[in-house]
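Spelled out from the first residue to the last, the chains are:
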Amino acid sequence: MLLEIKNLKVSYKTVNGKTTVLNNFELNMDRGDSIAIVGESGSGKSTLGGAIARLLPPSGEESGEIILNDQNLLSLTEEQMTKIRGTEVFMIFQNPLNSLNPVKTVGFQLSEAAQIKAQRNGTSVAPEEINKIVVDALKSVRLPDPDQIVKRYPHELSGGQVQRVVIAMALILRPKLLIADEPTTALDVTIQAQVINLLKALNKEYGMGIIFITHDLSLAYVISKKIIVMYAGTIMELNESSDLIKHPDHPYTIGLLKSVPTDYKTNTRLFYIKGSPPSFFNLPKGCRYSPRCDKAFGKCHEFEPSLIDVSNGHKVRCWLFE
Ligand SMILES: Nc1ncnc2c1ncn2[C@@H]1O[C@H](COP(=O)(O)OP(=O)(O)OP(=O)(O)O)[C@@H](O)[C@H]1O
Ligand SMILES: [Mg+2]
C-alpha cells in the first residue's frame, strides 16, 4: 500500500466562520497506482491535494489519517514533512507559479532538485552531471532551448512553460507519489498530449503513484486506472476508469458523462446538469446532489447516503443502490 486516507476532513476559517469542504474522504492506493479525482469547480479537488502534501493555506485545518508508506503525514512536524516533500510526495499546483521560487532561476531550482534527489538516494553527483540531468529533464518535457530556459526566472516564462518546468522537476525528483492538480489546463492540446504521455510514462516506467486532479472526465480516463467522482466535498462514485465510463451508476456521474461532447455534428446542443453545486455554508438536507438529481426520491432529500460497496472496488454514494 502506498497511500491510505481515512476519514479525512478539511475545514477553512473564513470571515463568515468555519466551513468544512472535505468530509469523510477515503482513498486507497497501491504502489504505481493512478487515480483521477474528477468534479466540478469548487468540489474540493485542490483542497484534497493540498491536504495530502500538507500544503494547505494557514486558514486550512485537517484531521483524519493520511498514511503514506506507513507514516501518518498528519502526525509529522513541518520539519519532518520538509524532509519527505519532493521525493516521497510532490505536488504540481493548479497555478504552476506556486510550485516554484520566484527569486531563483529555473536552472538553480532544478539543480537543487537533482541534488536533493541524489542526497536522499545517498549518492553524490558531479556538477556536470547535475547540469545534464537538468537539461535532459527540460528536453523530456519538450521545452525548446533548455540552455536559455535555465537562466530565466519563473515570471519570465509563459504559463505553459512554467508548468513544463514543474513537470521536469517531478521528473528529476521522481517522487513515490505525485499529485498533479490540473497540470495541463494552461497547455495547448498538442503539448497537453505530450505532457499526459509523459506523466503516464512516469507512472508505468518508474511506478510513480499519481493522483491526477482534473475537471475533465476524458482526460481522467486516459491517464488513470481509477476515477473518483467528487461532488461538494464528498466522494460520489469510485470505480476502475473504463467501468466508470462504460457503466456509470451515480446520477451525478451519468450527468457529467453526458456533458462531455462526443460528436462534432453542427447544431447539437450540449447537455448540462441543471442548477449549480451548493454552497458549503448552506448544504442541502439529505444527499448533497439531491436538488439537482433527476432520480431523487423521498429519502434523498432527508438523509445523506453512505458510500457503499456495490462490487469489488466499485463504490457509490446513492440511495438507489442501498
Ligand atoms: N483558502 C481558502 N479559504 C476558504 N475557503 C477556501 C479556500 N480555498 C478553497 N476554499 C473553498 O473550498 C472549496 C473547495 O475549493 P477547491 O479549490 O478545493 O475546489 P476545486 O475542486 O479545486 O475547484 P477548481 O476546479 O475550481 O479548481 C470551495 O468552496 C472554495 O471556495
Ligand atoms: Mg482546484
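Criteria and cut-off values
- Residues numbered from 1 in each chain as written.
- Chains lettered and ligands numbered in written order.
- Predicted model: local features only at pLDDT ≥ 70, side-chain atom pairs only at ≥ 80, totals over all residues.
- Heavy atoms only, no water.
- Helix = DSSP H or I, 4+ residues; strand = E, 2+ residues; numbered from the N terminus.
- Rg over C-alpha atoms; globule rule 2.2 N^0.38 Å.
- Buried < 20%, exposed > 50% of the residue type's maximum accessible area, 1.4 Å probe, protein only.
- Areas by Shrake-Rupley, 256 points an atom, 1.4 Å probe, with all protein chains shown as cover.
- Lys, Arg positive; Asp, Glu negative; His and termini not counted.
- Charge placed at Lys NZ, Arg CZ, Asp CG, Glu CD.
- UniProt positions renumbered as here; feature names shortened; annotations may be inferred.
- Pairing = 2+ DSSP bridges.
- Contact = heavy atoms within 4.5 Å.
- Axes fitted to C-alpha atoms, helices over the stretch in contact; angles between N-to-C directions.
- Near = heavy atom within 4 Å.
- Polar contact = N/O pair within 3.5 Å; in protein donor to acceptor, adjacent residues only side chain to side chain.
- Expected span 1.5 Å × (residues − 1).
- Donors = N, O, S within 2.8 Å, 3.2 Å for Na, K, Ca; no water.
- Domains from an automatic or database assignment.
- Buried area = accessible area lost by both parts, 1.4 Å probe.
- Salt bridge = Lys/Arg side-chain N within 4 Å of Asp/Glu carboxyl O.
- Nonpolar A, V, L, I, M, F, W, Y, C, P; charged D, E, K, R; others polar.

(A) How the structure looks around the overall build of the protein chain. Helix and strand counts for the protein chain stand at 10 helices and 12 strands. Against the globule reference of 20 Å for 322 residues, the protein chain gives a C-alpha radius of gyration of 21 Å, in line with a compact fold. When each of the 322 residues of the protein chain is scored for burial, the buried share is 49%. Of the accessible surface of the protein chain, which amounts to about 15700 Å², a share of 51% is contributed by carbon and sulfur atoms. Of note, the protein chain has its 36 positive side-chain charges centred 2 Å away from the centre of its 34 negative side-chain charges.

(B) Focus on the UniProt feature "domain: ABC transporter" (unreviewed entry) in the protein chain. The residues that UniProt annotates with the feature "domain: ABC transporter" (unreviewed entry) are residues 3-257. Along residues 3-257, the helical share is 40% and the strand share 27%, with 28 Å between the first and last C-alpha atoms.

(C) Geometry of the sheet that holds strand E5 (residues 71-72). On the basis of which strands lie adjacent, the open sheet formed by four strands has the order E2-E1-E4-E5 and antiparallel pairing. Taken across any chain shown, the strands that pair with only one partner, and hence form the sheet edges, are strand E2 (17-29) and E5. In the sheet, strand E1 (residues 3-14) pairs with strand E4 (residues 60-68) via eight bridges, with the strands oriented antiparallel. In the sheet register, Ser-11 faces E4, and the bridge partner there is Glu-61. Against the sheet, helix H1 (residues 45-52) makes contact with E1, E2 and E4, and its axis sits at roughly 115° relative to E1, the strand it touches most.

(D) Region of interest: the site of ligand 1. Not every one of the 15 residues close to ligand 1 is listed here, only the nearest: Ser-41, Gly-42, Lys-45, Ser-46 and Thr-47. Separating an oxygen atom of ligand 1 from a side-chain N or O atom of Lys-45 is a distance of 2.8 Å. Looking at the shell around ligand 1, the elements that each hand over two or more residues are E1 and H1. Ranked by residues supplied to the shell around ligand 1, first place goes to H1 with three residues.

(E) Inspection of helix H6 (residues 159-173) at higher detail. Look at H6: 21 Å from first C-alpha to last across 15 residues, which is about the 21 Å you get at 1.5 Å a residue. Summarising burial for H6: 14 of the 15 residues are buried, a large majority. Arg-174, located one to two residues past H6, shows a positive phi value of around 40°.

(F) Structural context of the environment of Ala-296. Here Ala-296 shows up in the loop between helix H10 (251-258) and strand E11 (308-311). What makes Ala-296 partly exposed here is its relative accessible area of 25%.

(G) Spatial organisation of the pairing of strand E3 (residues 34-38). Most of E3 sits inside the fold, with five of its five residues counted as buried. Judged by which residues are buried, E3 turns out to be covered on both faces: Ser-34, Ala-36 and Val-38 on one side and Ile-35 and Ile-37 on the other are all buried. Looking at chain direction, E3 and strand E8 (residues 209-214) are connected through five bridges and run parallel. Residue pairing across strands places Ala-36 opposite Phe-212, the latter belonging to E8.

(H) Broad picture of the coordination of the magnesium ion (ligand 2). All of the protein donors around the magnesium ion (ligand 2) are Ser-46 (OG) and Gln-94 (OE1); their distances to the metal are 2.0 to 2.3 Å. Of the two residues, Ser-46 is situated in helix H1 and Gln-94 in the loop between strand E6 (89-92) and helix H3 (106-120); the sequence distance between them amounts to 48 residues. Owing to a relative accessible area of 30%, Ser-46 belongs among the partly exposed residues under this scheme. Of the residues examined, Gln-94 reaches a relative accessible area of 44% and is grouped as partly exposed.

(I) Up close: unusual backbone geometry. Unusually for a residue other than glycine, Asn-24 sits at a positive phi of about 50°. Assignment of secondary structure puts Asn-24 in strand E2. We classify Asn-24 as partly exposed; its relative accessible area is 44%. Although it is not a glycine, Glu-182 adopts a positive phi angle of roughly 45°. Following the sequence through the fold, Glu-182 ends up in the loop between strand E7 (177-181) and helix H7 (189-206).

(J) Main features of the pairing of E7. With five of its five residues buried, E7 lies for the most part within the structure. Neither face of E7 is exposed, since Leu-177, Ile-179 and Asp-181 on one face and Leu-178 and Ala-180 on the opposite face are all buried. As judged from the four bridges shared by E6 and E7, these two strands associate in the parallel manner. Each bridged residue has a counterpart across the sheet, and for Phe-90 the counterpart in E7 is Leu-178. Looking at chain direction, E7 and E8 are connected through five bridges and run parallel. Within E8, the residue paired with Ile-179 across the bridge is Ile-211.

(K) Quick peek at the domain arrangement of the protein chain. Entries for the protein chain in the domain assignment read domain 1 (1-223) and domain 2 (251-321). Between domain 1 and domain 2, roughly 1000 Å² of surface is buried when both sides are summed, and carbon and sulfur atoms account for 61% of that area. For the pair domain 1 and domain 2, the number of links is two salt bridges. Residue Arg-292 is joined to Glu-40 by a salt bridge in which the shortest nitrogen-to-oxygen separation is 3.2 Å. Sorting the residues of the side of domain 1 that touches domain 2 by element identifies E2 and helix H8 (217-223) as the ones contributing at least two each. Among the elements that line the side of domain 1 that touches domain 2, the one with the most residues is E2, at seven residues. Tallied by class, the residues present in the side of domain 1 that touches domain 2 amount to three nonpolar, nine polar and three charged.

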